[in-house]
Amino acid sequence: MFDLTFVVAVSQAAAQLHHALAEDHVGSGLAAYAAVFFAIWWAWINFSWFASAYDTDDVPYRLLTLLQMAGVLVLASGVAAVFDDGDFTLVVIGYVVMRLAMVAQWLRAAIEHPEGRSGALHYAAGITVVQMCWVARLWAPDAWAWTTFLVLAAAELAVPVWAEYRGHPTSWHPGHIAERYSLFTIIVLGEVILGSLTAVRSAVADHGLSTPVLMIAAGGLLLVFALWWIYFTGNEAGLTTLRTALVWGYGHYVVFAALAAIGAGLEAALDTAEHHGHLSARGAGLSVAVPVVIALLMLGALHRATRTGAVGTRPAGSRRCTRGAGSGFQRTSPGNRRRRPGHGPGGGRHADSQPLHCPPSIRRALRCAWT
């Protein structure tokens, strides 16, 4: 349910990018898309990583999750204003609502988990300060809009690094994190298919099925299938160090943004094929080819960094690695897996005392059985 609200925001961002490309407003459209997608992705990644360590699934946790869902819907409602007028007001309001909900989650973790209190308080403090800066940015002169955005985006990315190195290390659950990223990848690819199908149906309804439309539709489906195949290749991500985990997590901004942009590019290509909009044939081709190349390059880098997929190999019989308290990422065995606060033995949806069972659709990629 939580991910579906983010799909709405991703859909809005991709739809606005499609309109910008169709009108040949490539530069401004890409800048707005990158900014909006950063807000969507960063709020999602923070919740997913937090949930891998502190998902108590009780009433306060669910209510704070509901608040975050409301925030992303507010953010989604403001996406059009960013593309049309550069107005970030609604996006910032929705984003800050989501982030302050995360502050409440971290403060609760600090109270209920003494061992992780230092790290949790660092997260809460860092997020709070940056949100105050986002609100202040609304009054910044237009000439400083993008400079301040880049500075604050860098500050957001720096908070986890600061909290993990200066505070007590958080006991992340790498298996759960890998599953969450995999499921969101499938959701984004599904949004690409849905958007492309809508554009194809509109083109066919207006002018009938033509050869260009058929070729774009078939090529788009093959692209999505190939990217799905490449992403879900090899073993689970080997998040054995904090640096690797951050590179892998942050790199998915490029992956998710590029995948969603492919859908916008396919829709723009269909518009060009049907002589709608102002984008040239070359521009339409580049609007699909460029995000595909970016996605492939980043997937190759991530596969190599985590030793998965076709460009990396995991040693036979290798064990899953999870985060140990105060000792960085370490190998664990079934006898000494940590339980997260709020979970009893065998309790909770992602209790570390139980193997993580993956959906059949991603079992090949994640292979979540303990060896």
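The rules behind the values
- Residues numbered from 1 in each chain as written.
- Predicted model: local features only at pLDDT ≥ 70, side-chain atom pairs only at ≥ 80, totals over all residues.
- Heavy atoms only, no water.
- Core = buried A, V, L, I, M, F, W, Y, C linked by side-chain atoms within 4.5 Å.
- Buried < 20%, exposed > 50% of the residue type's maximum accessible area, 1.4 Å probe, protein only.
- Helix = DSSP H or I, 4+ residues; strand = E, 2+ residues; numbered from the N terminus.
- pLDDT = per-residue confidence, 0-100.
- Contact = heavy atoms within 4.5 Å.
- Phe/Tyr/Trp six-rings, centres within 6.5 Å; stacked < 30°, edge-to-face > 60°.
- Expected span 1.5 Å × (residues − 1).
- Salt bridge = Lys/Arg side-chain N within 4 Å of Asp/Glu carboxyl O.
- 1 Å grid on protein atoms, 1.4 Å probe; cavity = no way out; pocket = protein on both sides within 12 Å on 5 of 7 lines; lining within 4 Å.
- Points joined across faces, edges and corners; volume = space filled by probe spheres on them.
- Nonpolar A, V, L, I, M, F, W, Y, C, P; charged D, E, K, R; others polar.

Participant: Could you clarify how one ought to interpret the nonpolar core in this entry?
Facilitator: Grouped together as the largest cluster of nonpolar side chains are 91 residues, with contacts concentrated most on Phe-6, Tyr-33, Phe-37, Trp-106 and Tyr-181. Here this core gets 19 residues from one element, more than from any other, and that element is helix α2 (residues 26–54). One finds Ala-199, Val-200, Ala-203 and Val-213 within the second-largest nonpolar core, a separate group that totals 5 residues.

Participant: Got a minute to help me understand the confidence of the model for the protein chain in this structure?
Facilitator: When pLDDT is low, close inspection of the predicted coordinates is not appropriate. Residues at a pLDDT of 70 or more form 80% of the protein chain, whose mean pLDDT is 79. The low-confidence segment residues 312–371, where pLDDT is below 50, has 137 contacts with residues more than four positions distant or belonging to other chains.

Participant: Explain unusual backbone geometry to me, please; I cannot follow it from the model alone.
Facilitator: Negative phi characterises most residues that are not glycine, and trans characterises most peptide bonds. A positive phi is found at Asp-24, a non-glycine position, where the angle reads about 65°. Mapped onto the secondary structure, Asp-24 falls in the loop between α1 (2–22) and α2. Among the residues examined, Asp-24 registers a relative accessible area of 42% and is labelled partly exposed. Located in the positive-phi region is Asp-57, a residue other than glycine, with phi close to 55°. Relative to the helices and strands, Asp-57 resides in the loop between α2 and α3 (59–77). On the accessibility criterion, Asp-57 (23% relative accessible area) is partly exposed.

Participant: Just checking my understanding: could you explain the packing of aromatic side chains for this structure?
Facilitator: Tallying each qualifying case throughout the model produces 32 aromatic pairs. Aromatic pair Trp-44 and Phe-256: ring centres 5.9 Å apart, planes at 85°, arrangement edge-to-face. Residue Trp-44 is located in helix α2, and its partner Phe-256 is located in helix α10 (residues 242–273); the two are separated by 212 residues in the primary sequence. For the residue pair Trp-44 and Phe-256, the accessibility class agrees, reading buried in each case. Ring plane angle 40° and centroid distance 6.2 Å describe the contact between Phe-47 and Tyr-61, whose orientation is recorded as tilted. One end of the pair, Phe-47, is in helix α2; the other, Tyr-61, is in helix α3, and 14 residues separate them in sequence. For the pair formed by Phe-47 and Tyr-61, the shared burial category is buried. Ring pairs connect the aromatic residues Tyr-33, Phe-37, Phe-38, Trp-41, Trp-42, Phe-88, Tyr-95, Trp-134, Trp-146, Phe-149, Tyr-250 and Tyr-253, which therefore count as one cluster.

Participant: Looking at this structure, how should I read helix α6 (residues 117–137)?
Facilitator: Because each turn of an α-helix spans 3.6 residues, side chains separated by three or four positions in sequence point in the same direction. Counted at 1.5 Å a residue, the expected span for α6 with its 21 residues is 30 Å, and the 30 Å between its end C-alpha atoms agrees. For α6, the full list of buried residues reads Gly-119, Ala-120, His-122, Tyr-123, Ala-124, Gly-126, Ile-127, Val-130, Gln-131, Trp-134 and Arg-137. Where α6 is buried, its residues contact α5 (89–112) and α7 (145–166).

Participant: What should I look at first to understand the pattern of salt bridges in this one?
Facilitator: Where charged atoms from two side chains of opposite charge approach closely, those side chains can pair. Under the definition given, this model contains 5 salt bridges. Salt-bridge contacts for Arg-180 lead to Asp-3; the nearest nitrogen and oxygen are separated by 2.6 Å. Placement of Arg-180 in helix α8 (residues 174–207) and of Asp-3 in helix α1 is noted, with a sequence separation of 177 residues between them. For Asp-3, a relative accessible area of 10% corresponds to the buried category. A salt bridge links Glu-112 to Arg-108; the shortest N-O distance between them is 3.1 Å. Of the two residues, Glu-112 and Arg-108 both sit in helix α5, 4 residues apart, roughly one turn of that helix.

Participant: Looking at this structure, I do not really get the layout of surface pockets. What am I missing?
Facilitator: Sizing a probe to match a water molecule and rolling it over the atoms shows the empty space that remains. In this structure, the largest pocket encloses a volume near 410 Å³. Contributing to the lining of the largest pocket are 18 residues, with Leu-30, Ala-261, Val-290, Pro-291 and Ile-294 lying nearest its centre. Where the lining of the largest pocket is concerned, the elements lending two or more residues are α1, α2, α10 and α11 (281–306). Ranked by residue count, the leading element in the lining of the largest pocket is α11, at 6 residues. Its residues placed into classes, the lining of the largest pocket shows 16 nonpolar, 2 polar and no charged.

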